[in-house]
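Commentary on secondary and tertiary structure
If you want the building blocks of each chain, they are given just below.
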Amino acid sequence: MSTVALQVVKRKGFNILQTTADVRSVIAAETANWPPELQAAVNVGTSNDQGRIVGSMVSQLEGSVLTAIALVMIVVLASLGSRAALLVGFAIPTSFLLCFVLLAIMGVTISNIVMFGLILAVGMLVDGAIVVVEYADKRIKDGVGPMHAYVEAAKRMFWPVVSSTATTLCAFLPMLFWPGVSGEFMGMLPVTLIFVLSASLVVALVYLPVMGGLSGRMSRLFERASTWLRGALPSWVARAALVPLALLIMFTGAMQLLNPTYLLSFADAPTKNFLAGGVIFMLGAFAASITMSAAEVQWRRRPVEAGVKRTPFGHMIHFIAGNPVMPLVAIAAVVFFVMTVGKYFGENNNGVEFFVESEPEMAIAYVRARGNLSLEEKDDLVKQAEELILSHPGVLNAFAFAGEGGLNNNTGGAQPPSDTVGQVQFETIPWEDRADRPDLDGDVVLDELTEQLNQIPGIKIEVLAAARGPASAKPVHLRLKSDNWDDLIVATELASEHFRTTPGLELVEDTLPLPGIDWEINVDVEKAGRYSADVATVGAMVQLVTRGILLGTMRVDTSEEEIEIRVRLPEEDRVLSTLDSLKVRTPDGLVPLANFISRKPVAKLATINRVDQKRYFDVKAAVTEGLVKATVDDETLGVLRVVEDGSGALTAANGQSYDIFDSADPAALKQAFDDDTVQTTFITPAERIEVLTEWLDSRPFGAGIEWEWTGDQEDEQESQAFLSSAFTAALALMFIILLAQFNSFYNSLLVLLAVVLSTTGVLIGMLVMDQTFSIIMTGTGIVALAGIVVNNNIVLIDTYQDYSRYMPRVEAIVRTAESRIRPVLLTTVTTMAGLAPMMFGLSLDFSGGGYTIDSPTALWWKQLATAVVFGLGIATVLTLVFTPAMLALRIWFTTYALWLLRALQALTRGKGSKVAQDLALRSAARKVTAPTLRWDSPVEEAPKPETPATPEKPAAATE
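Residues numbered from 1 in each chain as written. Predicted model: local features only at pLDDT ≥ 70, side-chain atom pairs only at ≥ 80, totals over all residues. Heavy atoms only, no water.

1. Some thoughts on the overall build of the protein chain
Scanning the protein chain from N- to C-terminus turns up 27 helices and 26 strands. Looking at the protein chain alone, contacts between residues at least 24 apart form 74% of all its contacts between residues at least 6 apart. Roughly 51100 Å² of accessible area belongs to the protein chain as shown, and the carbon and sulfur atoms make up 59% of that amount. (Helix = DSSP H or I, 4+ residues; strand = E, 2+ residues; numbered from the N terminus. Contact = heavy atoms within 4.5 Å. Areas by Shrake-Rupley, 256 points an atom, 1.4 Å probe, with all protein chains shown as cover.)

Right, dumping it as structure tokens:
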């Protein structure tokens, strides 16, 4: 079927969803005015609709944001109670609102990167609010009024909240300068996080104290209502039955806000739907606060006991910090754990990749063929591929064309192979419509089509998935450079052949000129002079047959570039034989061009590319998925293909099944499996590049040939170097802030040690979730963790410094651990809860109902979310042990160091010295028993008649 395509491209800064909707409405309005005959003859449709994919992506991310908010609110509600949870909960929309205002001022549009930034920030932006509200809640329980409690909380926690937010921002500030394509792709993530966290700082220190003080008055009204409800309903069961009803009203109001047609629908005034949802939600929140307080179980108060009553966690910290040996044991245990995890990860990791892989929803099939084919012959070849693609049940639509041209697509910078004769751009069935059909998975569809298309005789097919990130389809990209053209061609052919024989590489291509013929036209200037022919005129005559004579340029409204105006001979005369019949005007008359023009066929040169003033050719290849390398004592025995159903020819000790993909000695490979001595390593682009680099280092080319890895490898090295620099810069900035706050090098370095512990958690997360280390996503997660995990240590050490001013330092360590474990765990759990759905690929649909798992959008962010969740969780657990141990180590070290110093001074200076006398006095003081004071009961005596009776003071007896 003949097709005319009109490609619509969105301008920067405009909404793609609105743009696609406007295009569809214009098409519908225009086709409605066509006559019936035209409507029946012409089929109008759309394909490669990016708006549909972006809409699906935004919808899934919206569900992830709401899921994160819901989980964070559940955690806060369970920990702090309903009233404190409402204050913390209001910090989320308020911070988001301020963030959107800042984004609008900066002219930043909402994208999937911005949406994920909000998901990542949900758990972090409530940290400051939790610390302030938790401290105020603690003071209120001590009997302080709400207004004074929140003012005191804002003052007491001002510097801890400011420093913790500042250190978190320090982790993201260097990421603003991320260079290259990766920086453009991830650039909005640090911007969003900086805006959200800055807004949360204002909310925690300004908004919440004011709201907390004002809510104290409402709390009194709620308390009176709860008291009345206890009297009206003496039965606890009846009061408890009202709690789910109140929560249901609250949930209904929230759903009405999210989905305006959920309960009420005012078609004439859509604003009323949101107002109704807000009123219902607030009424439900008030009712939930009253009923939950009324249903609270009133336990009998225990009698107040003298002394400090430690918690089990306090006893554990006292056991660690209370003697000079256990701090060393605890520190050694943590160091041993960190080193063991690092060693195990080094032996059992899944390799390194540049960017995460996601399920494709669009793809391009390049039809490759060689020879002097006409356009009709190319079209016939492309038509065969198009028919086969459209016959697959997983393909939604396709658009094919032969020759040069076609629609612009996001190929991640990849160029079509030089021998491409046509393309078929197709779109798979939307993920939402095939989520329960694993046989229609995008990767499965592309694999099946590739196998079927390669069976067409006479052509080669290369299927390229549309890029959804900075990575390219062929990450193994070698560039060869030289000044010697012939040697460069030989070296490129040798490299291309080695690529084809390397196991694990596929879709190998190079940029060598295709075999073909170019016609070289030579003008004999001497003969032309004999005929008095002007060389410029001769050149113009030749151009009439070839490209045409340039007359000038013009500008039109539909193009941003100038359009050339050329004059040429009619199409039927644009052949080389026309040169034999053309004549040029000279002073002596018309002279045939053939008298001084000759032509001869030469090898086709195609194009000449240079970099650094040297000619170069590229050799590129993709990496086959699902392959592992089998080694024994660092000797490679072969390459295996992973078999998921367990039916492979080889089975490892862990039960994983494999088939032999390539091996020079299959018998030795099988024997290694039987002896359980084989080690397997996943084949990744980085691993194949390492293998090829060993071959290149053996100097297989002649002298004068230079080589370098470019493409993804170049971008990967650039991103890796930048993230390392950003990590170092973030630590330096955080150290400056911590040093200004604590005024202690030891405490500042102790805070930063949590970053090392968080890296251990990242490695555990990749092992547990069976993930590959992604340079961009996992690396971004590690840099982000550097600013998140230090917050727990800041709270602990700040409280310790405050306690150590008026109590023994070991006791200050124990009291610090006991008093701050709740906010530390709460801030950690909220951050982990906010990212846990994304780590598992879960997204809830709050408006339409249902859920999705491992959608293409969720697959993007699983590795980053896994790094933050596991890194923060493991680091928090280790920090609660490691930080008190390190603080106690300094105390015991200084104590024994001073004791040894005084003992040495006493020994060297003699018994008459002041140091020796002080030691003797302390020794004698320890032997003195402290006196015990006992107050006897007052003795009652008969009052004397002459004097009034006076109460007698109790007598003290000393034993």
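2. Remarks on the sheet that holds strand S20 (residues 679-682)
An order of S18-S19-S17-S16-S20 is seen for the 5 strands of this open sheet, with the pairing classed as antiparallel. Each edge of the sheet is formed by a strand with only one pairing partner; in this case those strands are strand S18 (650-651) and S20. In this structure, strand S16 (residues 627-632) lies alongside strand S17 (residues 635-643), joined through 6 bridges in antiparallel fashion. Looking at S17, one finds that alanine 630 is bridged to glycine 638. Helix-sheet contacts for helix H19 (residues 666-674) involve S16, S17, S18 and strand S19 (657-662), and the interaxial angle to S17 is about 75°. (Pairing = 2+ DSSP bridges. Axes fitted to C-alpha atoms, helices over the stretch in contact; angles between N-to-C directions.)

3. Description of the packing of aromatic side chains
Across all of its chains, the model carries 10 aromatic pairs by this definition. For arginine 479, the ring lying beneath its charged end belongs to tyrosine 616, and the centroid distance is 4.2 Å. (Phe/Tyr/Trp six-rings, centres within 6.5 Å; stacked < 30°, edge-to-face > 60°. Lys NZ or Arg CZ within 6 Å of the ring centre and 35° of its normal.)

4. Observations concerning the sheet that holds strand S4 (residues 420-428)
With antiparallel pairing, the 4 strands of this open sheet are ordered in space as S3-S4-S2-S5. The strands lining the two open edges of the sheet, one partner per strand, are strand S3 (395-402) and strand S5 (460-465). Taken pair by pair, the neighbouring strands of this sheet meet at an average axis angle of 20°, ignoring direction. With 7 bridges connecting them, S3 and S4 associate as antiparallel partners. Note on S4: the bridge partner recorded for phenylalanine 399 is glutamine 425. Against the sheet, helix H14 (residues 375-390) touches strand S2 (362-368), S3, S4 and S5, its axis set at about 175° to S3. Relative to S5, helix H15 (residues 442-453) is tilted by about 170°, and along the sheet it contacts S2, S3, S4 and S5.

5. Description of the packing of helix H21 (residues 712-742) against helix H22 (residues 745-768)
Contact pair H21 / H22: the axes reach a minimum separation of 9 Å and the direction vectors enclose 140°. For the element pair H21 and H22, the recorded crossing hand is right-handed. Mapping the contact onto sequence places Phe727, Leu731, Met734, Phe735, Leu738, Leu739 and Phe742 in H21 and Phe745, Asn747, Ser748, Leu749, Val751, Leu752 and Val755 in H22. A class-by-class count of the residues in the contact of H21 with H22 yields 12 nonpolar, 2 polar and no charged. (Left-handed = near helix turned anticlockwise from the far one by under 90°. Nonpolar A, V, L, I, M, F, W, Y, C, P; charged D, E, K, R; others polar.)

6. With respect to the pairing of S2
The element S2 is extensively covered by neighbouring structure, given that 7 of its 7 residues are classed as buried. Residue alternation in S2 divides its side chains into two sets, Met362, Ile364, Tyr366 and Arg368 and Ala363, Ala365 and Val367, and both sets are buried. Judged from the 7 bridges that link them, S2 and S4 form a sheet pairing that is antiparallel. In the strand pairing of S4, alanine 363 is matched with phenylalanine 426. Bridge count for S2 against S5 is 6 bridges, and the pairing is antiparallel. Across the sheet, valine 367 pairs through a bridge with isoleucine 461, a residue of S5. (Buried < 20%, exposed > 50% of the residue type's maximum accessible area, 1.4 Å probe, protein only.)

7. Section: the side chain of threonine 684
Residue placement: threonine 684 occurs in the loop between S20 and helix H20 (685-697). Setting aside residues no more than four positions away along its own chain, threonine 684 makes contact with Asn350, Gly351, Val352 and Val623.

8. As for helix H24 (residues 790-803)
In an α-helix, one full turn covers 3.6 residues, which means residues spaced three or four apart are oriented alike. Taking 1.5 Å of rise per residue, 14 residues should cover 20 Å, and H24 covers 20 Å from first to last C-alpha, within 8% of that figure. Burial analysis of H24 places 13 of its 14 residues in the buried class, the great majority of the element. (Expected span 1.5 Å × (residues − 1).)

9. Let's talk about unusual backbone geometry
Working note: non-glycine residues mostly have negative phi, and peptide bonds are mostly trans. In this model, aspartate 612 sits at a positive phi of 55°, which is unusual for a non-glycine residue. Topologically, aspartate 612 is positioned in the loop between strand S14 (610-611) and strand S15 (614-623). The backbone of aspartate 676 shows a phi angle near 55°, a positive value even though the residue is not glycine.

10. Focus on the environment of phenylalanine 195
Its place among the elements puts phenylalanine 195 in helix H9 (residues 188-232). Accessibility expressed as a relative area gives 15% for phenylalanine 195, which makes it buried. Put simply, phenylalanine 195 and leucine 102 are 93 residues apart on the chain and 6.9 Å apart in space, counted from C-alpha to C-alpha. When neighbours within four sequence positions are excluded, phenylalanine 195 is seen to be in contact with Cys99, Leu102, Leu103 and Met106.

11. Describing the nonpolar core
Counting 141 residues, the largest nonpolar core has Phe172 and Trp861 as the members making the most contacts within it. The element that contributes the greatest number of residues to this core is helix H26 (residues 856-909), accounting for 20 residues. Beyond its immediate chain neighbours, meaning those up to four positions away, tryptophan 861 contacts Leu61, Asn112, Ile113, Phe116, Met186, Met777 and Met838. Grouped together as the second largest cluster of nonpolar side chains are 26 residues, Leu488, Val508, Leu692 and Trp709 included. (Core = buried A, V, L, I, M, F, W, Y, C linked by side-chain atoms within 4.5 Å.)

12. Digging into the side chain of aspartate 419
Within the secondary structure, aspartate 419 is located in the loop between S3 and S4. In terms of polar contacts, aspartate 419 uses its side chain to reach the side chain of arginine 368, at 2.9 Å. There is a polar contact of 3.3 Å between the side chain of aspartate 419 and the side chain of arginine 370. In contact with aspartate 419, not counting residues within four places along its chain, are Val367, Arg368, Ala369, Arg370 and Leu514. (Polar contact = N/O pair within 3.5 Å; in protein donor to acceptor, adjacent residues only side chain to side chain.)

13. Re the environment of threonine 553
You can see threonine 553 is positioned in strand S9 (residues 549-554). Along the primary structure threonine 553 and glutamate 564 are separated by 11 residues, whereas in three dimensions their C-alpha atoms are 4.4 Å apart. Excluding its chain neighbours within four sequence positions, the residues that come into contact with threonine 553 are Glu562, Ile563, Glu564 and Ile565. Among the polar contacts listed, one links the side chain of threonine 553 to the side chain of glutamate 562, at a separation of 3.4 Å.

14. Some thoughts on the pattern of salt bridges
Considering all chains together, one arrives at 23 salt bridges under this definition. Arginine 822 serves as the salt-bridge partner of glutamate 134, at 3.4 Å between the closest nitrogen and oxygen. Placement of glutamate 134 in helix H5 (residues 112-141) and of arginine 822 in helix H25 (residues 809-839) is noted, with a sequence separation of 688 residues between them. Since its relative accessible area comes to 4%, glutamate 134 is described here as buried. We classify arginine 822 as partly exposed; its relative accessible area is 30%. Note that arginine 370 is salt-bridged to aspartate 419, the shortest N-O span being 3.3 Å. Remark: aspartate 419 occurs in the loop between S3 and S4 and arginine 370 occurs in the loop between S2 and H14; sequence separation between them is 49 residues. Classification of aspartate 419 by relative accessible area gives buried; the value is 7%. (Salt bridge = Lys/Arg side-chain N within 4 Å of Asp/Glu carboxyl O.)

15. Overview of helix H23 (residues 777-788)
For H23, which comprises 12 residues, the first-to-last C-alpha distance of 16 Å matches the rise-based estimate of 16 Å (1.5 Å per residue) to within 8%. Burial of H23 is extensive: 12 of the 12 residues sit out of reach of the surface. Of all the positions in H23, only Met777, Thr778, Gly779, Thr780, Gly781, Ile782, Val783, Ala784, Leu785, Ala786, Gly787 and Ile788 are classed as buried.

16. Some words on the pairing of S19
Relative to S19, S17 is paired through 5 bridges, and the arrangement is antiparallel. Across the sheet, the residue bridging to valine 642 is tyrosine 658, located in S19. Relative to S19, S18 runs antiparallel, the two sharing 2 bridges. When the bridges of S19 are listed, leucine 650 appears paired with tyrosine 658.

17. Here's the deal with a negative patch on the surface
A surface patch of negative charge is lined by Glu357, Asp443, Asp447, Glu448, Glu451, Glu506 and Glu625. Here the element with the most residues in the negative patch is H15; it accounts for 4 residues. Along the chain, the position of glutamate 357 falls in the loop between strand S1 (352-353) and S2. Taking the relative accessible area as the measure of exposure, glutamate 357 reaches 52% and is therefore exposed. (Patch = residues over 30% accessible without salt bridge, like charges linked within 9 Å, V, L, I, M, F, W, Y side chains within 5 Å. Lys, Arg positive; Asp, Glu negative; His and termini not counted. Charge placed at Lys NZ, Arg CZ, Asp CG, Glu CD.)

18. Quick word on the environment of valine 535
Mapped onto the fold, valine 535 is located in helix H18 (residues 535-545). By relative accessible area, valine 535 is classed as partly exposed at 42%.

19. Focus on a nonpolar patch on the surface
Residues Leu173, Leu176, Phe177, Leu733 and Ile736 make up a contiguous nonpolar surface patch of about 480 Å² in total accessible area. Residue placement: leucine 176 occurs in the loop between helix H7 (158-172) and helix H8 (180-186). With a relative accessible area of 40%, leucine 176 lands in the partly exposed category.

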